[in-house]
Amino acid sequence: MNSDIAVIFDMDGVICHTNPYHSMAFREFFSTRELAPTDEEFAQHMFGKSNKYILSHFLKRPIEGEEFLALEDEKEGLFRKIYEPYVEPVAGFMPFVNALSSNGVKLGVATSAPMANLELILSKVQIRDLLGSILASEDVKKHKPDPEVYQKSAKNLGLVAGQCLVFEDSFSGVSAALNAGMMVVGVLTSHTKEELPPCNLYVSDYKELSYAKIAALF
């Protein structure tokens, strides 16, 4: 049993491969505003970014306050409607998480997505009872690459940064974990190794991972 280490997962692209469905939702959202971002623009300015950044970037003006809340609610509602029938964890995720939990590893989720999206995932991927920390965009003032969400996660889990390993798939997410002083596993569902900051380990899915491989990183 090892209760002295924690594994913290981002959600989009890490627990579930949601990014294609976010792209679909954003395309529908932007098409009603006569905008048509390219795949390259989405890869650069959507994956791993906060909704405030995404909306402000593509609408080419600051999106704040009540307008932001209304636009975010519209887009995320589209995403949940599109994705709900297809929720499925990345290959090997459930056996891996259960192995970590059975070996006493503390577990958390730290996402830049709204809590409603996280609730959708947790309603389909049965890990809620294993989690010692659950944080979404509403729980922080500063979003990734700021380390706040990972610092709060460590505090919730009763550990310090050096005892935590983060699974991330985006440049801003990996940067947030590194900025928090944590080790990082790069999940290559959305980006290549070359597109991410240097990580301690890279995986495409969880099928080859085990508790022993994680413990060996500490």
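Refer to the structure presented above.
These lines cover the structure that appears in this document, whether it is placed above or below. Numbering of residues starts from 1 in each chain and follows the order in which that chain's sequence is written. Thresholds applied to this predicted model are a pLDDT of at least 70 for local features of residues and 80 or more for the giving and counting of side-chain atom pairs; totals over whole chains, interfaces and linings are not thresholded and use all residues. Just so you know, side-chain values use all the structure's heavy atoms and leave hydrogens and water out.

Once that is clear, we can look at the pattern of salt bridges. Here a salt bridge means any side-chain nitrogen of Lys or Arg lying within 4 Å of a carboxyl oxygen belonging to Asp or Glu. Enumeration according to the criterion identifies 11 salt bridges in this entry. The salt bridge involving E74 is made with R33; its shortest N-O contact spans 2.9 Å. A residue pair is termed long-range when its members are at least 10 positions apart, and E74 in helix α4 (residues 65-83) and R33 in the loop between α1 (19-31) and α2 (39-45) qualify at 41 residues. Here's how the labels work: a residue is buried when its accessible area is under 20% of the maximum for its type, exposed when over 50%, partly exposed in between, all with a 1.4 Å probe on protein chains only. Classification of R33 as partly exposed rests on a relative accessible area of 28%. One salt bridge connects K124 with E84, and the closest N-O pair in it is separated by 2.7 Å. With K124 in helix α6 (residues 115-124) and E84 in the loop between α4 and α5 (93-102), the pair connects residues that are 40 residues apart, well separated along the chain. Note on K124: relative accessible area 39%, which makes it partly exposed. What you see here is one network of salt bridges that share partners, running through D10, K144 and E168. Note on conventions: DSSP H or I runs of at least 4 residues are helices, E runs of at least 2 residues are strands, and numbering of each starts at the N terminus.

This part covers the sheet that holds strand β5 (residues 183-187). Two strands form a pair only when DSSP identifies at least two bridges running between them. Pairing is parallel in the open sheet, where six strands are placed in the order β3-β2-β1-β4-β5-β6. Two strands in the sheet have a free side with no partner beyond their single neighbour: β3 (133-135) and β6 (201-203). Averaged over all neighbouring strand pairs, the angle between strand axes comes to 20°, with direction disregarded. Relative to strand β2 (residues 106-110), strand β1 (residues 6-9) runs parallel, the two being bridged by four bridges. Axis angles are defined between N-to-C directions and span 0 to 180 degrees, where every axis is a line fitted to C-alpha atoms and, for a helix, only to the segment in contact.

What follows deals with helix α7 (residues 148-157). Listing the buried residues of α7 in full gives E148, V149, Y150, S153, A154 and L157. Downstream of α7 by a residue or two, G158 has a phi angle that is positive, lying close to 75°.

This brings us to the side chain of S153. Turning to its location among the elements, S153 is positioned in helix α7. With relative accessibility at 0%, the residue S153 sits in the buried group. Every residue pair with non-hydrogen atoms within 4.5 Å of one another is taken to be in contact. Discounting residues that sit within four places of it in the chain, S153 has contacts with I8, A110, S133 and L135.

Counting buried residues along β2, four of its five residues qualify, which places the element largely inside the surrounding structure. Where β2 lies against β3, three bridges are found, and the strand directions are parallel. Each bridged residue has a counterpart across the sheet, and for G108 the counterpart in β3 is S133. Handedness of the crossover is the feature at issue here: the chain leaves β2, passes through α6, returns alongside β3, and the resulting connection is right-handed. Consider the strands pointing away from the viewer: the crossover is right-handed when the path from the first strand over the helix to the second runs clockwise.

All right, on to α6 then. For α6, every residue scored as buried is listed here: N117, L118, L120, I121 and L122. Elements that come into contact with the buried residues of α6 comprise α1, α4, β2 and β3.

As a further point, take unusual backbone geometry. Note that the residue after K144, namely P145, is joined by a cis bond; omega there is 15°. Even without being glycine, E34 reaches a positive phi, approximately 60°. In this structure, E34 sits in the loop between α1 and α2. The backbone of K60 shows a phi angle near 60°, a positive value even though the residue is not glycine. Structurally, K60 is set in the loop between α3 (51-59) and α4. Judged by its relative accessible area of 72%, K60 falls in the exposed class.

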